[in-house]
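Listed below are the residues making up each chain.
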There are 2 protein chains.
Amino acid sequence: MTDLSTVLARADSNLSSSLERLFDLVRIPSISTDPAYKAECRRAAEWLVAALTELGFDASVRDTPGHPMVVAHHAAGRADAPHVLFYGHYDVQPVDPLELWESDPFDPKIKDLGNGRKVVTGRGTSDDKGQLLTFVEACRAYKEVHGALPVTITILFEGEEESGSPSLKPFLEANRDELKAEYALVCDTSMWDGETPAIAATLRGLVGEELTITAADRDLHSGLFGGAAANPIHILAEILAGLRDETGRVTLDGFYDGVEETPENIKASWATLGRDATSFLGEVGLSEPSGEKGRSVLELTWARPTCEVNGIWGGYTGEGFKTVIAAKASAKVSFRLVGTQDPASIRESFRAYVRSKLPADCRVDFHEHGASPAIQLAFDSPVLTKAKSALSEEWPKPAVVVGMGGSIPIVGDFQTYLGMDSLLVGYGLIDDRIHSPNEKYDLTSFHKGIRSWIRILDAL
Amino acid sequence: MTDLSTVLARADSNLSSSLERLFDLVRIPSISTDPAYKAECRRAAEWLVAALTELGFDASVRDTPGHPMVVAHHAAGRADAPHVLFYGHYDVQPVDPLELWESDPFDPKIKDLGNGRKVVTGRGTSDDKGQLLTFVEACRAYKEVHGALPVTITILFEGEEESGSPSLKPFLEANRDELKAEYALVCDTSMWDGETPAIAATLRGLVGEELTITAADRDLHSGLFGGAAANPIHILAEILAGLRDETGRVTLDGFYDGVEETPENIKASWATLGRDATSFLGEVGLSEPSGEKGRSVLELTWARPTCEVNGIWGGYTGEGFKTVIAAKASAKVSFRLVGTQDPASIRESFRAYVRSKLPADCRVDFHEHGASPAIQLAFDSPVLTKAKSALSEEWPKPAVVVGMGGSIPIVGDFQTYLGMDSLLVGYGLIDDRIHSPNEKYDLTSFHKGIRSWIRILDAL
């Protein structure tokens with residue numbers, strides 16, 4: 001028996017006690033958004049500190065203006081081992097409407113779905129108590145077998161993830177040196193499907209802009225002025241229409257600087273996932289991919305930058321008709337970024353483009369709505385490669401490296417405050433009903449999740 | 001002394017009694033929109049019937065569900081004389097805020113402006129009691145000198161023009177045979193300036209459309225779907241931007257069918273009016289003509305068709321930012337028509353164009369917002385030519401044939417219900433403050449207005 005298989009066997013034999021610990025943690029109703037559960041949140045933090053201390057971590061409850069953080073440290077057995085930060089959150093969503101729950105959300109049960117699947121029911125079983133415990137229990141099995149951990153680990157458990165994380169940024173900033181590691185492991189995402197583990201390696205960035213075009217100094221009668229006076233809605237429509245060319249590419253100068261083609265092997269693995277335009281767009285009543293031509297919907301949403309108009313308004317928008325030429329027209333526009341696209345340059349290029357299309361007697365005002373760069377683990381980075389192999393060993397199908405079209409704040413915060421990439425691995429399933437009544441976590445997710453972390457820690 | 005100069009001299013010598021009659025009519029507070037003045041409206045109608053009867057008209061007060069109409073008939077002295085319908089309105093706007101009036105709005109006075117201009121003050125002096133009486137007093141002078149009128153005249157005075165004319169269409173329809181004439185003379189417009197009379201010969205028509213583009217069956221998260229799912233705002237922006245080409249011409253198939261070039265002599269006369277892009281657009285904070293290139297602002301607003309977006313909305317339009325791809329986006333679009341452009345064909349062409357630009361998996365819904373053809377007296381029609389010469393004889397500067405960018409409902413109604421063109425001649429000035437406190441009518445407008453009608457009647 002190899003070292004690794006010994007640890008995995010230990011995780012298997014630990015499973016029922018691991019589940020008991022999960023039940024214990026789920027029984028604490030740590031609803032962060034409801035002040036009535038403030039003490040319960042602290043109790044969950046204390047429970048975690050106790051569990052980590054028992055494993056040999058130097059763990060403590062750390063106060064914030066809101067719910068406390070849990071921070072824990074454990075050095076690796078070898079001095080040259082890497083150092084990772086593991087992140088999860090112990091707070092949960094409210095449970096209303098309570099009458100829709102088939103059993104008490106804070107009295108977890110094992111339920112046999114009858115199709116070979118057993119699940120643990122209860123609020124937080126999947127999001128995120130079950131998930132974070134997969135990592136803790138992996139550490140436990142490792143420690144029990146080897147008396148040491150293969151990597152140096154800092155743990156950060158947050159208690160405000162479900163209520164907007166108000167304390168997170170200040171806490172990261174104030175504890176930068178203590179929390180800094182080589183990279184973060186985040187366990188708050190899903191598998192691709194029940195047999196295929198997923199690592200989210202790319203998160204698109206965002207530039208938000210609002211623009212208002214002003215033409216005349218007042219609303220005009222379209223009979224008296226129509227045909228002679230500039231109409232800001234026309235100007236805006238032309239500007240917006242000109243943002244993409246007939247192939248769907250964004251036309252801004254320098255927009256694709258920093259955008260790299262997705263490696264062929266990654267695209268090939270995405271092609272095996274069965275999510276094509278028909279299945280992806282069919283769910284929302286569409287069938288034809290928009291945007292850049294000749295690319296799959298997964299590539300378009302995970303690996304390509306976009307320009308989208310998120311809102312537009314101007315002139316008369318009520319019932320009936322008014323023959324007005326408006327003085328102003330406005331739009332909100334966002335750009336999703338990938339690779340190393342620079343948000344500031346893109347904002348500048350957008351504004352220069354708008355000004356270049358503006359008649360000399362009209363005006364434009366811009367309003368900034370945030371900017372964040374894309375986050376992208378290099379597809380060939382060692383940590384990604386190792387984690388992918390480790391996961392592929394554990395599950396029936398090989399792990400897939402996926403992208404996420406939107407941003408996950410914690411990943412950006414780790415990047416911003418700690419200068420650290422994140423590896424997002426999670427064992428949730430699409431049907432876990434997180435945030436809804438009857439949340440559950442598959443026993444397989446929990447068990448093979450623990451085994452997966454053991455393999456990943458071993459590989460790192 | 002010619003026949004004409006005798007009649008003009010009679011109008012001059014009648015002037016003080018003509019003014020007394022104007023004062024009498026202005027003293028009747030015939031505010032049509034306020035039910036408290038219902039009896040006063042009837043009194044004004046009766047006053048007019050008495051005045052016309054005195055001149056030999058067969059005149060009567062005609063009841064409607066609202067305020068009464070005045071209808072009067074007088075045959076010409078010669079059997080082969082043309083037959084015209086003269087239109088005016090005896091109702092007036094409310095007078096509030098009363099405290100801003102320098103003198104009682106219903107106690108007219110002659111006021112010397114000190115710059116050689118004398119004016120009659122009071123509500124309705126210009127709009128439209130003073131204007132309609134120029135015609136009645138012209139008839140009086142003619143009748144007094146010749147014992148007969150040079151043309152057969154039907155008069156229609158309305159009492160609901162300032163309150164939406166609810167009874168007008170049914171009245172025209174019910175009395176079609178009685179009211180039908182060769183053409184209408186309408187006295188409710190302005191001079192070009194104090195020295196230059198104007199005849200409005202063209203009124204643009206209108207087609208109003210509302211369209212809603214629907215893409216997905218719900219609002220989508222722009223992170224998850226951006227780049228792959230159709231965005232109805234983009235589609236709408238492209239459709240609207242494509243409605244005009246780079247020369248400002250409307251791109252719809254067949255749009256310019258029925259549009260004729262304005263005769264060079266008319267364009268030349270417009271060029272002398274001093275209303276260029278700088279003066280016209282400068283008043284509203286603009287300087288560059290929009291729309292078709294290479295045409296003057298007067299041509300653009302009087303003699304060319306347009307496409308204007310009057311309103312647009314879609315997606316998130318509130319404070320801040322929401323990364324949404326909207327399910328729907330809408331716009332209100334209008335086309336101003338000239339010549340013989342057909343509203344129904346243009347609506348159809350617009351809809352076909354929109355459908356041709358629509359992705360196969362998206363939908364468009366149209367909502368109709370009215371249609372009216374343009375009204376255009378042929379620039380070389382005899383009545384226009386005669387009226388123009390007659391006016392040019394009377395005033396310091398030659399009469400100018402102008403267009404009106406918007407529609408005047410009465411003109412369309414005469415066209416629709418009586419199949420009759422209208423000649424719009426009026427002696428109001430831009431500074432008459434109609435609808436506002438301290439409305440006035442220049443003594444010159446009244447006096448030379450009477451003389452102008454004498455000349456026009458004589459010429460016809």
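Residues numbered from 1 in each chain as written. Chains lettered and ligands numbered in written order. Predicted model: local features only at pLDDT ≥ 70, side-chain atom pairs only at ≥ 80, totals over all residues. Heavy atoms only, no water.

- Chain A goes by Dipeptidase in an unreviewed UniProt entry, where it is assigned to Rhizobium straminoryzae.

Some remarks on the sheet that holds strand β4 (residues 109-112) of chain A
Residue and element names in this part refer to chain A.
- As summarised here, the arrangement of the three strands in space is β4-β5-β18, forming an open sheet in which the pairing is antiparallel. Taken across any chain shown, the strands that pair with only one partner, and hence form the sheet edges, are β4 and β18 (440-442). On average, each strand axis in the sheet is tilted by 30 degrees relative to the strand beside it, whichever way the strands run.
- Where strand β5 (residues 118-121) and β18 come together, three bridges link them in antiparallel fashion. Counted as the bridge partner of V119 is D442 from β18. (Pairing = 2+ DSSP bridges. Helix = DSSP H or I, 4+ residues; strand = E, 2+ residues; numbered from the N terminus. Axes fitted to C-alpha atoms, helices over the stretch in contact; angles between N-to-C directions.)

Here we look at the interface of chain B and chain A
- Across the contact, 73 residues belong to chain B and 73 residues belong to chain A.
- Here chain B packs against chain A, burying approximately 5,600 Å² in sum over the two surfaces, 58% of which is carbon and sulfur.
- Put simply, chain B and chain A have zero salt bridges between them.
- The residue inventory of the side of chain B that touches chain A, partitioned by class, reads 32 nonpolar, 26 polar and 15 charged.
- Across five bridges, strand β11 (residues 306-315) of chain A lies against strand β11 (residues 306-315) of chain B in antiparallel orientation. Directly across from A:G311, in β11(B), lies its bridge partner B:G315. (Contact = heavy atoms within 4.5 Å. Buried area = accessible area lost by both parts, 1.4 Å probe. Salt bridge = Lys/Arg side-chain N within 4 Å of Asp/Glu carboxyl O. Nonpolar A, V, L, I, M, F, W, Y, C, P; charged D, E, K, R; others polar.)

Describing the nonpolar core
- With 101 residues, the main nonpolar core has B:F57, B:I153, B:L156, B:F157, B:F414, B:Y427 and B:W453 as its most contacted residues.
- For this core, the element with the most residues is helix α1 (residues 3-26) of chain B, which contributes nine residues.
- Residues within four places of B:F414 in sequence aside, it is in contact with B:L85, B:Y87, B:L156, B:L172, B:A184, B:V186, B:G419, B:M420 and B:S422.
- Of all hydrophobic cores here, the second largest spans 99 residues; its members include A:V26, A:L48, A:F135 and A:V136. (Core = buried A, V, L, I, M, F, W, Y, C linked by side-chain atoms within 4.5 Å. Buried < 20%, exposed > 50% of the residue type's maximum accessible area, 1.4 Å probe, protein only.)

With respect to the relation of the copies chain B and chain A
- The transformation that overlays chain B on chain A combines an axial shift of 0.0 Å with a rotation of 180 degrees, and the residual RMSD is 0.2 Å. Such a combination of rotation and displacement between the chain copies is what one expects of a two-fold axis.
- Taken together, the interface assignments show that 100% of the residues at the interface of chain B recur at the interface of chain A, consistent with an identical surface on both copies. (Least-squares fit on C-alpha atoms with pLDDT ≥ 70 in both.)

Concerning the UniProt feature "domain: Peptidase M20 dimerisation" (unreviewed entry) in chain A
- UniProt records the feature "domain: Peptidase M20 dimerisation" (unreviewed entry) at residues 203-361 of chain A, using the numbering of this structure.
- In the segment residues 203-361 of chain A, helix accounts for 30% and strand for 22%; the C-alpha atoms at its two ends are 41 Å apart. (UniProt positions renumbered as here; feature names shortened; annotations may be inferred.)

Topic: the pattern of salt bridges
- For the structure on display, the rule yields 75 salt bridges over all chains.
- Close ionic contact of A:R455 with A:E394 constitutes a salt bridge, the shortest N to O distance being 2.7 Å. Of this pair, A:R455 sits in helix α14 (residues 443-459) while A:E394 is found in helix α12 (residues 382-394), placing the two residues 61 residues apart along the sequence. A:E394 shares its class with A:R455; the two are buried.
- B:R21 is the salt-bridge partner of B:E137, the closest N and O atoms lying 2.8 Å from each other. You can see B:E137 sitting in helix α3 (residues 129-146) and its partner B:R21 sitting in helix α1, a full 116 residues away along the chain.

Some remarks on the sheet that holds strand β14 (residues 363-372) of chain B
- Strand order in the open sheet formed by eight strands is β14(A)-β9(A)-β13(A)-β11(A)-β11(B)-β13(B)-β9(B)-β14(B), and the pairing between neighbours is antiparallel. In the strand order of this sheet, the two ends are held by β14 (363-372) of chain A together with β14 of chain B, each with one partner. Neighbour-to-neighbour, the strand axes of the sheet open up by a mean angle of 20 degrees, direction not taken into account.
- As defined by bridge partners, strand β9 (residues 205-214) of chain A adjoins β14(A) across eight bridges and the pair is classed as antiparallel. When the bridges of β14(A) are listed, A:E209 appears paired with A:E368.
- Sheet contacts for helix α11 (residues 343-356) of chain A: β9, β13 (328-337) and β14 of chain A; angle to β14(A), the most-contacted strand, approximately 165 degrees.

Side note on the pairing of strand β6 (residues 152-158) of chain B
Residues and elements named next belong to chain B.
- Among the seven residues that make up β6, six are buried, leaving the element largely enclosed by the rest of the structure.
- Pairing of strand β2 (residues 69-74) with β6, which is carried by five bridges, proceeds in the antiparallel orientation. Paired with V70 across the strands is F157, a residue of β6.
- Sheet topology places strand β3 (residues 83-89) next to β6; seven bridges connect them, and they run parallel. Bridged to H83 within β6 is T152.

With respect to the side chain of B:R204
- For B:R204, the position within the fold is in the loop between β8 (198-203) and β9 (205-214).
- Buried charged residue B:R204 carries no salt bridge. Nearest counter-charge: B:E308, at 7.0 Å.
- At 2.7 Å, the side chain of B:R204 and the backbone oxygen of A:G223 are in polar contact.
- Here the side chain of B:R204 touches A:G226 through a polar contact of 3.0 Å, landing on its backbone oxygen. (Lys, Arg positive; Asp, Glu negative; His and termini not counted. Polar contact = N/O pair within 3.5 Å; in protein donor to acceptor, adjacent residues only side chain to side chain.)

Re the packing of aromatic side chains
All names here are of chain A.
- Applying the stated criterion across every chain, the model contains 28 aromatic pairs over all chains.
- Here the aromatic rings of W192 and W302 are separated by 5.9 Å at their centres, their planes lie at 85 degrees, and the arrangement is edge-to-face. Pair noted here: W192 is in the loop between β7 (183-186) and β8 (198-203) and W302 is in helix α10 (residues 297-302), with a separation of 110 residues, a long-range link. Considered together, W192 and W302 belong to a single accessibility category, that of buried residues.
- Positioned above the aromatic ring of Y256, the side-chain terminus of R249 is 3.9 Å from the ring centre.
- The ring centre of W395 lies 5.5 Å from the NZ or CZ of K448, which sits over that ring. (Phe/Tyr/Trp six-rings, centres within 6.5 Å; stacked < 30°, edge-to-face > 60°. Lys NZ or Arg CZ within 6 Å of the ring centre and 35° of its normal.)

Here's the deal with the pairing of β2(B)
- Of all six residues in β2(B), five are buried; the element is thus mostly enclosed.
- Counted between consecutive antiparallel strands, the loop separating strand β1 (residues 58-62) of chain B from β2(B) contains six residues.

With respect to the state of the cysteines
- Scanning the model with the defined rule gives zero disulfides over all chains in all.
- No disulfide involves A:C362; its sulfur sits 17 Å from the nearest other cysteine sulfur, which is in B:C307. (Disulfide = S-S within 2.5 Å.)

A short note on helix α13 (residues 409-418) of chain A
Residues and elements named next belong to chain A.
- Turning to α13, its buried residues are I410, V411, D413, F414, Y417 and L418. With its buried residues spanning 160 degrees around the axis, α13 presents them on a single face. In this structure, α13 carries P409 and T416 as exposed residues pointing more than 90 degrees from its buried face. (Arc of directions from axis to C-beta.)

Overview of the domain arrangement of chain A
Residue and element names in this part refer to chain A.
- Each domain of chain A was delimited in the assignment, giving domain 1 (3-203 + 374-459) and domain 2 (206-259 + 305-372).
- The centre of domain 1, based on its C-alpha atoms, is set 42 Å off from the matching centre of domain 2.
- Summed over both partners, the interface of domain 1 with domain 2 buries about 360 Å², with 39% contributed by carbon and sulfur atoms.
- On the surface where domain 1 and domain 2 come into contact, there are zero salt bridges.
- If you look at where domain 1 meets domain 2, you find one residue pair in polar contact (both at pLDDT 80 or more). (Domains from an automatic or database assignment.)

Thoughts on the environment of B:S445
Residue and element names in this part refer to chain B.
- The topology assignment puts S445 in helix α14 (residues 443-459).
- Here S445 falls in the buried class, since its relative accessible area comes to 2%.
- Residues S445 and P197 lie 248 residues apart in sequence; the distance between their C-alpha atoms is 10.0 Å.
- If we ignore the near neighbours within four places in the chain, the residues touching S445 are T134, W395, Y427 and L429.

Looking at the packing of helix α3 (residues 129-146) of chain A against α14(A)
Residue and element names in this part refer to chain A.
- Interaxial distance between α3 and α14 falls to 8 Å at its minimum, and their mutual angle equals 55 degrees. If you check the angle between α3 and α14, you find them oblique. The handedness of the crossing between α3 and α14 is right-handed. On the side of α3, the interface is formed by G130, Q131, L133, T134, F135, E137, A138, C139, A141 and Y142, while α14 contributes S445, F446, G449, I450, W453, I454, L457 and D458.
- In terms of residue class, the contact of α3 with α14 is made up of eleven nonpolar, five polar and two charged. (Parallel < 35°, antiparallel > 145°, perpendicular 65-115°, else oblique. Left-handed = near helix turned anticlockwise from the far one by under 90°.)

Thoughts on α3(A)
All names here are of chain A.
- Helix length check: α3, at 18 residues, gives a terminal C-alpha distance of 25 Å against a target of 26 Å (1.5 Å per residue), a fit within 8%.
- Burial within α3 is extensive, with 14 of its 18 residues counted as buried.
- In the stretch just after α3, G147 is the one whose phi turns positive, near 70 degrees. (Expected span 1.5 Å × (residues − 1).)

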